[in-house]
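Here is how the chains run, residue by residue.
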Amino acid sequence: MQLSMIKTLTLALMSILLAASLMIFPQEALEGSIRGLEIWWDVVFPSLLPFFIVSELLIGFGVVTFIGVLLEPLMRPLFRVPGVGGFVWAMGLASGNPAGAKITARLRQEKKLSRIEAERLVCFTSSANPLFIFGAIAVGFFHNAALGIVLALAHYLGNIFVGLIMRFHGREEEAASPPQKPKVSGVLAAFHLLHEERIKDGRPIGKLLGDAVQSSVRTLLMIGGFIILFSVLNKILSLVGVVALLGSFFSVVLTFFHLPSDLNSSIISGLFEMTLGAQMASETTSVSLLEQVIVSSFILAFSGFSIQAQVASILAETDIRFKPFFISRLIHGFFAAFLVFLFWHPFYINQKASGDQWQAIPVFLREQSSSWFHAAWNLITQYGPLFTLIMLILFILVTARNALSNAE
C-alpha cells in the first residue's frame, strides 16, 4: 500500500511540475509542440497510414492466415513464433515504427498469437523503415548516402539477433501451456484457410475499408499526440537543466565505450525522440564521423521514449507486456552500435577508398549522385500535408456516416 501511495504522489508531482513548466516557458513549449506537429503532419501520417490500412485489409481478407501457413516452417524454428510473424516482420520493416506493434496487437486480439509469441514478435518487428534511414538520416542529416548501407545493415541485422535472443523468452510459461501448431501445410491448404477466414469475417468490402480507415486514423491520432508531447517534454527538460544533469551520467557511460562526451546532448535527446537525437549527432562536428554514426545507430535502434510510449499504448489494449519490448530495445541499441563499428571499414571506408569503382554498391547510393531515397523523402514532405488533410476529412465523413447509421 505504501509503495502504491508513493507511486501516486510521484506521478501527481510530475504532472504538476510539467504543467508549471508549460506555464513558465509557454513560448518554448509552443515551439516544441509545433515541431512535433510538423513531423506528424508532414511525414508520419502520410507514410504510415497506407501500411496500416493495407494491413487491416489483409487481415480481414485472410491473406495473413495464408502467409502464416507458408512461413510457418521458417518463423517457428528461428524465432519460435507462428508463420504470421513473417507478415508482421515484413510490414514492420517496410512501414517502420510502430507498425509492428500495431499489427502484432491486432493479431493477438484475433487469437492468432499466444501472449508469449506476441511478446517475442513485437520485440524484433520494431524498426525504422528504409526510407527514413536512407532519406532522412543518411542523406538528410549526414548528406552522405553511402552511410545508409552501414546504418541499414546494422539496424536490420541487429533486429534479427534480437529475435534470435528473444526466442528464449517465456519458455517456462510456454511449457505449461504449449501453443497449438497448425495442422495443415501447403499452398492448397493455405488457400482453403484464406477462404474460410474471409467468410468468417463476413464484412463487405466497403465496410471493411471503412473500418480499416477509422482504425488506422485513430491509431495515428494517438501517435501524433505522443510525438507532440515528447517534443514539448524534450524542450522543457533542456530548459530546466535536466539534460545537463543527465549529461554527467552519460559522460561516464560514453567514456566506458571510448566515445567522446560531446555526444551527450544527442544521446539524451535521442532517448526521448530519435529524429532529434540523430540530427544532433550529425551536427556534432567535434567528433569523428564513425562516432557520430555509432551514436545515431544506437538512437535509431532504441527508438526513443516517444515511440516506446506509442507502443506501450497500443499494447495496453491487449495482455502483451511492455517490459520485454523495452529490454529488446536496449539490446537492439547495443547490437546496432557494435555492428556499425564492425561494418565501418568493409562497407564504408573500403568502398570510399576505391573511388569511382564502387564494386557492389548500387549507383544510386553514390555520394555524388542524386539519391532516389532523397527524392522520395522530399516527395513525402512536399505532398504529405495534403494527403493528411484529405484522409482526415475522409475519416470525419466515415465516422459521421457510421454515427448517423447507428442513430437510425
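All chains use their own residue numbering, which begins from 1 and follows the written sequence. Given that the model is predicted, a residue must reach a pLDDT of at least 70 before its local features are reported, and side-chain atom pairs must reach 80 or more before they are shown or counted; all residues, however, enter totals for whole chains, interfaces and linings. Side-chain descriptors were evaluated using all non-hydrogen atoms of the structure, hydrogens and water having been removed beforehand.

Student: Run through the UniProt feature "domain: Nucleoside transporter/FeoB GTPase Gate" (unreviewed entry) in the chain, naming residues and quoting values.
Tutor: UniProt positions are given in the numbering used here, feature names are shortened, and annotations may be inferred rather than shown by experiment. Per the UniProt record, "domain: Nucleoside transporter/FeoB GTPase Gate" (unreviewed entry) is found at residues 43–139. In residues 43–139, the share of helix is 81% and the share of strand is 0%. The end C-alpha atoms are 16 Å apart. Secondary structure is summarised from DSSP: a helix means a run of H or I of at least four residues, a strand means a run of E of at least two, and numbering begins at the N terminus for each.

Student: Describe in detail the packing of aromatic side chains, supporting the description with residues and values.
Tutor: Two aromatic rings from Phe, Tyr or Trp, using only the six-membered ring of Trp, form a pair when their centres are within 6.5 Å; if the ring planes differ by under 30 degrees the pair is stacked, by over 60 it is edge-to-face, and anything between is tilted. With the rule as written, the count across this model stands at 15 aromatic pairs. An angle of 80° between the planes, with centres 5.7 Å apart, marks the rings of Trp89 and Phe124 as edge-to-face. With a gap of 35 residues between them, Trp89 in helix H4 (residues 84–95) and Phe124 in helix H6 (residues 115–124) connect regions that are remote in the sequence. Throughout, exposure labels follow a simple rule: accessible area from a 1.4 Å probe, protein chains only, divided by the maximum for the residue type, with under 20% read as buried, over 50% as exposed, and the rest as partly exposed. For Phe124, a relative accessible area of 1% puts it in the buried group. Between Phe343 and Phe347 the ring centres are 5.4 Å apart and the planes differ by 85°, which places this aromatic pair in the edge-to-face class. A residue pair is termed a helical-turn pair when its members lie 3 or 4 positions apart in one helix, as Phe343 and Phe347 do in helix H17 (residues 323–353) at 4 residues. Overall, the relative accessible area of 14% leaves Phe343 in the buried class. Connected via pairs of aromatic rings, a cluster forms that spans Phe272, Phe298, Phe302, Phe305, Phe322, Phe325, Phe326 and Phe334. Look at NZ for Lys and CZ for Arg. If either is within 6 Å of the ring centre and within 35 degrees of the ring normal, a charge sits over the ring. One Lys or Arg, Arg167, reaches over the ring of Phe168 and ends 5.4 Å from the middle of that ring.

Student: So what's going on with the domain arrangement of the chain? Residues and values would help.
Tutor: Domain boundaries assigned for the chain yield domain 1 (29–171 + 181–354) and domain 2 (374–407). Boundaries of every domain are those given by an automatic assignment or by a domain database. Placing a centre on the C-alpha atoms of domain 1 and another on those of domain 2 gives a separation of 23 Å. Taken together, the 21 residues of domain 1 in the interface contact 17 residues of domain 2. The term buried area refers to how much accessible surface (probe radius 1.4 Å) is lost by two components on association, counted for both of them together. With both chains or domains summed, domain 1 and domain 2 bury close to 1,700 Å², and 83% of this area falls on carbon and sulfur atoms. Per-residue buried area on domain 1 facing domain 2 is highest for Trp41, Leu131 and Gln214; these three make up 30% of the total on that side. Salt bridges are defined by distance alone: a side-chain nitrogen of Lys or Arg within 4 Å of a carboxyl oxygen of Asp or Glu. Summed over the shared surface of domain 1 and domain 2, the number is 0 salt bridges. The contact criterion used throughout is that any non-hydrogen atoms of two residues lie within 4.5 Å.

Student: Kindly report on the nonpolar core, identifying the contributing residues and their values.
Tutor: Grouped together as the largest cluster of nonpolar side chains are 71 residues, with contacts concentrated most on Leu107 and Ile137. Residue contributions to this core peak at 9 residues, all from helix H8 (residues 147–166). The nonpolar core is taken to be a set of buried Ala, Val, Leu, Ile, Met, Phe, Trp, Tyr and Cys residues, with the residues joined through side-chain atoms within 4.5 Å.

Student: Would you mind going over the packing of H4 against helix H5 (residues 99–109) in detail, with residue names and values included?
Tutor: A fitted line through C-alpha atoms represents every axis, and for helices the fit uses only the stretch in contact; the resulting angles, taken between N-to-C directions, go from 0 to 180 degrees. The N-to-C vectors of H4 and H5 enclose an angle of 155°; their axes lie 8 Å apart at closest approach. If you check the angle between H4 and H5, you find them roughly antiparallel. Crossing geometry of H4 relative to H5 is assigned as right-handed. Facing H4, whose interface residues are Val84, Phe87, Val88, Met91, Gly92 and Ser95, H5 presents Ala99, Gly100, Ile103, Thr104 and Leu107. Every angle not falling under 35 degrees, over 145, or within 65 to 115 is termed oblique; those three ranges are roughly parallel, roughly antiparallel and roughly perpendicular. Put simply, a crossing is left-handed when the front helix is turned counterclockwise from the back one by less than a right angle, and right-handed when it is turned clockwise.

Student: Before we move on, can you summarise unusual backbone geometry with the specific residues and values?
Tutor: The residue after Asn97, namely Pro98, is reached through a cis peptide bond having omega -10°. Inspection of the secondary structure puts Pro98 in the loop between H4 and H5. Within the chain, Ser303 stands out as a residue other than glycine whose phi angle is a positive 80°. Relative to the helices and strands, Ser303 is located in the loop between helix H15 (289–302) and helix H16 (304–315). Using a relative accessible area of 1% as the deciding quantity, one classes Ser303 as buried.

Student: Quick rundown of the side chain of Arg329? Include the residues and the values.
Tutor: By the secondary structure assignment, Arg329 is in helix H17. Of the side chains bearing the opposite charge, Glu119 lies closest to the buried Arg329, which forms no salt bridge; the N-O distance is 14 Å. Polar contacts here mean pairs of N or O atoms no more than 3.5 Å apart (in protein, one a potential hydrogen donor and the other a potential acceptor; neighbouring residues in sequence count only if both atoms are side-chain atoms). At a separation of 3.5 Å, a polar atom in the side chain of Arg329 contacts the main-chain carbonyl oxygen of Ser126. Polar contacts involving the side chain of Arg329 include one to the side chain of His332, which spans 2.8 Å. When near neighbours in sequence (up to four residues on either side) are disregarded, Arg329 contacts Cys123, Ser126, Asn159, Ala301, Phe302, Ser303 and Gln308. Only four residue types enter the charge count: Lys and Arg as positive, Asp and Glu as negative, with His and the chain ends excluded.

Student: I'd like a description of the layout of surface pockets, backed by residues and values.
Tutor: Space left empty within the atom packing is revealed by a probe, the size of a water molecule, rolled over the atoms. Its boundaries defined by the atoms lining it, the second largest pocket holds a volume of some 630 Å³. In this structure, the second largest pocket is lined by 34 residues; those nearest its centre are Ile39, Val43, Val44, Phe132 and Thr275. Those elements giving two or more residues to the lining of the second largest pocket turn out to be helix H2 (26–61), helix H7 (130–141), helix H11 (205–240), helix H14 (274–282), H16 and helix H18 (372–407). By residue number, the principal contributor to the lining of the second largest pocket is H2, which donates 8 residues. Using protein atoms alone on a 1 Å grid, points that fit a 1.4 Å probe yet trap it form a cavity, whereas open point sets bounded by protein on both sides within 12 Å along at least five of seven lines form a pocket; residues with an atom within 4 Å of a point count as lining. Grid points are joined across faces, edges and corners, and a volume is the space filled by probe spheres set on the points.

Student: Before we move on, can you summarise the UniProt feature "transmembrane region" (unreviewed entry) in the chain with the specific residues and values?
Tutor: UniProt marks residues 48–71, 208–230, 236–256, 293–314, 326–344 and 383–404 with the feature "transmembrane region" (unreviewed entry), using the numbering shown here. The straight-line gap between the two end C-alpha atoms of residues 236–256 is 29 Å; of that span, 95% is helix and 0% is strand. End-to-end, the C-alpha atoms of residues 383–404 are 32 Å apart, and along that stretch the chain is 100% helix and 0% strand.

Student: Outline a nonpolar patch on the surface, listing residues and values.
Tutor: Any residue with relative accessible area above 30% and no salt bridge may belong to a patch, with like charges joined within 9 Å and the nonpolar Val, Leu, Ile, Met, Phe, Trp and Tyr side chains within 5 Å. All accessible areas in this document rest on Shrake-Rupley with a 1.4 Å probe, and a residue is counted as covered only by the protein chains that are shown. Among the surface-exposed residues, Phe256, Phe257, Leu330 and Phe334 lie close enough to one another that they form a single nonpolar patch of about 420 Å² accessible area. Relative to the assigned elements, Phe334 resides in helix H17.

Student: Run through the environment of Glu38, naming residues and quoting values.
Tutor: Tracing the sequence through the fold places Glu38 in helix H2. The class for Glu38 is partly exposed, based on a relative accessible area of 45%. Along the primary structure Glu38 and Ile227 are separated by 189 residues, whereas in three dimensions their C-alpha atoms are 9.8 Å apart.

Student: Can you tell me about H15, naming the residues and giving the values?
Tutor: Structurally, the α-helix is built with 3.6 residues per turn, so residues lying three or four positions apart point the same way. Working rule for helices: expected span equals 1.5 Å times residues minus one. Here H15 contains 14 residues, and its C-alpha end-to-end distance of 20 Å stays within 8% of the 20 Å for a straight helix at 1.5 Å per residue. Burial within H15 is extensive, with 12 of its 14 residues counted as buried. When we look at burial in H15, the residues that qualify are Glu291, Gln292, Val293, Ile294, Val295, Ser296, Ser297, Phe298, Ile299, Leu300, Ala301 and Phe302. In the segment just after H15, Ser303 is the residue with positive phi, at about 80°.

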